[in-house]
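# Close look at the chain arrangement
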Amino acid sequence: MDHALLIFVLSAIIPINMQNVFSRIYQTLKPGGYLFFRDYCEDDLAQQRFENSQGQKKLDEKFYVRVSGTLAYYFSLDEIRTFANTVGFEIVQLEQVCKQVENKKLEIIMQRKFIQAKLRKPIIN
């Protein structure tokens, strides 16, 4: 496989299995292949809402279950860097992305934070 795409996927996986996901993707990619990643960042507005809402359950630090039963984890840059380095990915890009979202109906502006990464499996000579 030349490319893998994880968009808001890893945050829905139990934390103990997250490193295994990186390992499996690394094994599946061809040398020179890329993993493109985007997910929730710690201190995101959605995480703050979890802290203040009823019906949402905190399972662990930065790890929550929604009323629907789906999971949500909020990453730090260091966590993603560790996952990537542990299996051997080269970090091409790893950054926190801040996005301003406007709800015109409610007339509010929200600040969202995400982690975005572009990781490469090294080419073996």
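One structure accompanies this document, and this report is about it. (Residues numbered from 1 in each chain as written. Predicted model: local features only at pLDDT ≥ 70, side-chain atom pairs only at ≥ 80, totals over all residues. Heavy atoms only, no water.)

Turning our eyes to something else, we now look at the sheet that holds strand S4 (residues 63–65). Judged by pairing direction, the sheet is antiparallel, and its three strands sit side by side in the order S3-S4-S5 without closing on themselves. A single partner strand is all that each edge strand has here, and the edge strands are strand S3 (57–60) and strand S5 (71–73). With strand direction ignored, the average angle separating the axes of adjacent strands in the sheet is 30 degrees. Inspection of the sheet shows S4 paired to S5 by three bridges, in the antiparallel sense. Its bridge partner lying in S5, Val65 is registered against Leu71. (Pairing = 2+ DSSP bridges. Helix = DSSP H or I, 4+ residues; strand = E, 2+ residues; numbered from the N terminus. Axes fitted to C-alpha atoms, helices over the stretch in contact; angles between N-to-C directions.)

An order of S1-S2-S7-S6 is seen for the four strands of this open sheet, with the pairing classed as mixed. Looking at the sheet topology across the chains shown, the edges are occupied by strand S1 (3–7) and strand S6 (90–103). Ignoring strand direction, the axes of neighbouring strands in this sheet form an average angle of 15 degrees. Inspection of the sheet shows S6 paired to strand S7 (residues 108–120) by 13 bridges, in the antiparallel sense. Looking at the pairing, Val101 lines up with Met110 of S7. This element, helix H3 (residues 77–87), spans strand S2 (34–40), S6 and S7 of the sheet and lies at about 145 degrees to S6. (Contact = heavy atoms within 4.5 Å.)

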